[in-house]
Amino acid sequence: MSTARTLDVRGKFCPIPVMETSKAINEVPVGGILEVLATDPAAEPDIKAWAQRTGHEVVQVEKAEGYIRILVKRLK
Amino acid sequence: MAEKKSKLSIIVWSGTVDKLYPAAILTSAAASGGWEVELFFTFWGLNSIRKDMLDVAQRQIDRSYEQYAQAAAEAISKMGFPKWYELLAQAKGMGNVRIFACSTTMEMFGIKEKTALADFVDEVVGAATFLERAKDSTITLFI
């Protein structure tokens, strides 16, 4: 899946990953994918909750070496 | 999905960092998700948003846990986490966050001008204003 932008919030803690995701999604075209790299264990549930609330979609979550990769699709 | 309208109202009474952080973190998460947020700073909370008290409050912790104050400060600094008031200012910059200062507490603490308070304060109001603004909140907290 091609990503329009990568947001690296590895080493950052709640609520920074969500705050940064919220800002970064606006820099991706509608329909585009924002890739978020995070180490905060709350990042996955929090970004999913944020996406549900703001009307975007978490299309993929992947565990990588020591971090997690979350792909968020901008829906509007 | 249509955005659900949600509103978080917090009376920030405490002036120690172990309570100011939860208020600031909830505000930031809410602002990120498009919530409306109303914060009413009163008593020790108000004292902590005096410009000259922002950093003092950052080092203060509830007395029951004071043996952890230094460890907490070191941990926060090691995490590279923003200070409580920086987090609040950031939240304000990104969403619908309104910050109020309690007029009675201002008088009690001898604060004459709003300019003595942090720049993120919108307005000096009283309890009636806060109640009216908070009455349709989804979540209301006293911290």
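See above for the structure.
None of these values were measured; they are calculated from a predicted model.

Draft legend 1. Layout of the overall build of chain A. A tally of helices and strands in chain A yields two helices and four strands. Along its sequence from the N terminus, chain A presents helices and strands in the succession β-α-β-α-β-β. Scaling as 2.2 N^0.38, a compact globule of 76 residues should have a C-alpha radius of gyration of about 11 Å, and chain A matches this with 11 Å. The principal-axis extent of the C-alpha atoms belonging to chain A is close to 30 × 25 × 15 Å. Residue burial in chain A is summarised as follows: out of 76 residues, 45% are buried. Averaged over its 11 positive side-chain charges, chain A has a centre that lies 6 Å from the centre of its 10 negative ones.

Draft legend 2. Focus on helix 2 (residues 43-54) of chain A. Over its 12 residues, helix 2 of chain A runs 16 Å from end to end, which matches the ideal 16 Å to within 8%, given 1.5 Å per residue. Within helix 2 of chain A, the full set of buried residues consists of A43, I47, W50, A51, R53 and T54 of chain A. What you see down the axis of helix 2 of chain A is that its buried residues fit within an arc of 165°, all on one side. Buried-residue contacts for helix 2 of chain A involve helix 1 (16-24), strand 2 (33-38), strand 3 (57-64) and strand 4 (67-73) of chain A together with helix 1 (17-32) of chain B. Within two residues after helix 2 of chain A, G55 of chain A carries a phi angle of roughly 80°, on the positive side.

Draft legend 3. Main features of helix 1 of chain A. Counting buried positions along helix 1 of chain A gives seven out of nine residues, so the element sits mostly inside the fold. Along helix 1 of chain A, the positions that sit buried rather than exposed are I16, P17, V18, M19, T21, S22 and A24 of chain A. Lining the buried residues of helix 1 of chain A we find strand 1 (5-9), strand 2 and helix 2 of chain A together with helix 1 and helix 5 (84-94) of chain B.

Draft legend 4. A look at the side chain of T105 of chain B. Secondary-structure assignment places T105 of chain B in helix 6 (residues 103-108). Residues in contact with T105 of chain B, not counting those within four places in the same chain, are T42, F43 and L46 of chain B.

Draft legend 5. Representation of the pattern of salt bridges. Residues and elements named next belong to chain A. This model, assessed by the stated rule, comprises 21 salt bridges over all chains. The shortest N-O distance in the salt bridge between R5 and E27 comes to 2.6 Å. With R5 in strand 1 and E27 in the loop between helix 1 and strand 2, the pair connects residues that are 22 residues apart, well separated along the chain. Here R5 falls in the partly exposed class, since its relative accessible area comes to 28%.

Criteria and cut-off values
- Residues numbered from 1 in each chain as written.
- Chains lettered and ligands numbered in written order.
- Predicted model: local features only at pLDDT ≥ 70, side-chain atom pairs only at ≥ 80, totals over all residues.
- Heavy atoms only, no water.
- Helix = DSSP H or I, 4+ residues; strand = E, 2+ residues; numbered from the N terminus.
- Rg over C-alpha atoms; globule rule 2.2 N^0.38 Å.
- Buried < 20%, exposed > 50% of the residue type's maximum accessible area, 1.4 Å probe, protein only.
- Lys, Arg positive; Asp, Glu negative; His and termini not counted.
- Charge placed at Lys NZ, Arg CZ, Asp CG, Glu CD.
- Expected span 1.5 Å × (residues − 1).
- Arc of directions from axis to C-beta.
- Contact = heavy atoms within 4.5 Å.
- Salt bridge = Lys/Arg side-chain N within 4 Å of Asp/Glu carboxyl O.

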